[in-house]
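# Structural features, examined
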Amino acid sequence: MKRHYLELWLLLAVSFAIFAVASAFEMPEIAGHKLRSSQIAETLLKPRVTMPLPPLRDSLPIIQEPNVACVSCDTTSQVILLFGDSMLEGLGPRLAAYADENGHTLYTVMWYSSTSRRWGETDRLKNYIRKIEPTFIFVCLGANELFIKDIVSKHDRYVKKIISDIGDIPYVWIGPPNWKPDTGINELIRANTPEGAFFLSDGMEFCRLADGAHPTYESAHEWMDSIARWMPLNSCHPIKLEKPEKQTSRAKRIFVHKPSE
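Residues numbered from 1 in each chain as written. Predicted model: local features only at pLDDT ≥ 70, side-chain atom pairs only at ≥ 80, totals over all residues. Heavy atoms only, no water.

## As for the confidence of the model for the protein chain
Averaged over all residues, the pLDDT of the protein chain equals 84, while 73% of them reach at least 70. When the criterion is pLDDT under 50, residues 19–28 qualifies, and its contacts beyond four places in sequence or with other chains add up to 15 contacts. Confidence drops under pLDDT 50 across residues 30–65; counting only partners more than four residues distant or on other chains, this segment forms 38 contacts. (pLDDT = per-residue confidence, 0-100. Contact = heavy atoms within 4.5 Å.)

Here it is as structure tokens:
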């Protein structure tokens, strides 16, 4: 009796297997009826699609792939000039610590509320270059030009004037730390600088002061760290910027200009 039930169950299992296979693939008609595919085969044999994971977002990202041909780092001591607007309040002390750590000398010229136009309309930069004789320059300008309409037609000549005043001195133009989308200042600077001479800050995340624009001092220090990490693989003239143990220092001399000057 048990054997009879076993044979019956075996027959049912074989029949189910035959119909499952038949319905999984395209089969000819049987007794005038064409079996419909269950699409089991398509489901089982279909290549597995793996959805890409969203990229991890670093608040201060490091560019890993080189954007310029590899250039050996200049390990000699530099006379560095850092000039620009009030964003230097946060960047300057941190860059001074880098200068101390790596045997450089730093001079800072901060012109409050300045723009590329203010610098471009004067010979102030030329005069400081003549006075300090820097071997490397950091520029930090653009924060006061984020929302100027027709920025290209209005300020292109001033950006060009600044770069002309810098001349053959190696430099990096540090783009503004956007807190809102700009009207074209970043693209204007990028269009006028050679590859490896512009650091794009837009897109980075900053902790801000109460004004909503300036990064906190701690965030500005991380900003400078990010620039230092960017330089070896991306700058067209990288200089030695090993990370210092101390957080801040003071430039050899700091020149400050009021908005009205």
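Let us keep going from here.
## Comments concerning the pattern of salt bridges
All chains considered together, the criterion is met by 7 salt bridges. Among the ionic pairs, Asp225 bridges to Arg94, the shortest N-O distance being 2.9 Å. One end of the pair, Asp225, is in helix H8 (residues 217–234); the other, Arg94, is in helix H3 (residues 88–102), with 131 residues separating them in the sequence. In terms of burial, Asp225 and Arg94 fall into one category: buried. Of the charged contacts, one joins Glu187 and Arg190 as a salt bridge, the two residues approaching to 3.4 Å between their closest N and O atoms. One end of the pair is Glu187 and the other is Arg190, both in helix H7 (residues 185–192) and 3 residues apart, which spans about a single turn. Overall, the relative accessible area of 49% leaves Glu187 in the partly exposed class. Residue class for Arg190 comes out partly exposed when judged on its relative accessible area of 38%. Through salt bridges with shared partners, a single ionic network connects Asp123, Lys161 and Asp165. (Salt bridge = Lys/Arg side-chain N within 4 Å of Asp/Glu carboxyl O. Helix = DSSP H or I, 4+ residues; strand = E, 2+ residues; numbered from the N terminus. Buried < 20%, exposed > 50% of the residue type's maximum accessible area, 1.4 Å probe, protein only.)

## Quick look at H8
Along an α-helix, residues three or four apart share an orientation, since each turn contains 3.6 residues. For H8, spanning 18 residues, the distance from its first C-alpha to its last is 25 Å, which sits close to the expected 26 Å at 1.5 Å a residue. Burial in H8 covers these residues: Ser219, Ala220, His221, Trp223, Met224, Asp225, Ser226, Ile227, Ala228, Trp230, Met231 and Asn234. Buried residues in H8 make contact with H3, strand S5 (136–140), strand S6 (171–174) and strand S7 (198–199). (Expected span 1.5 Å × (residues − 1).)

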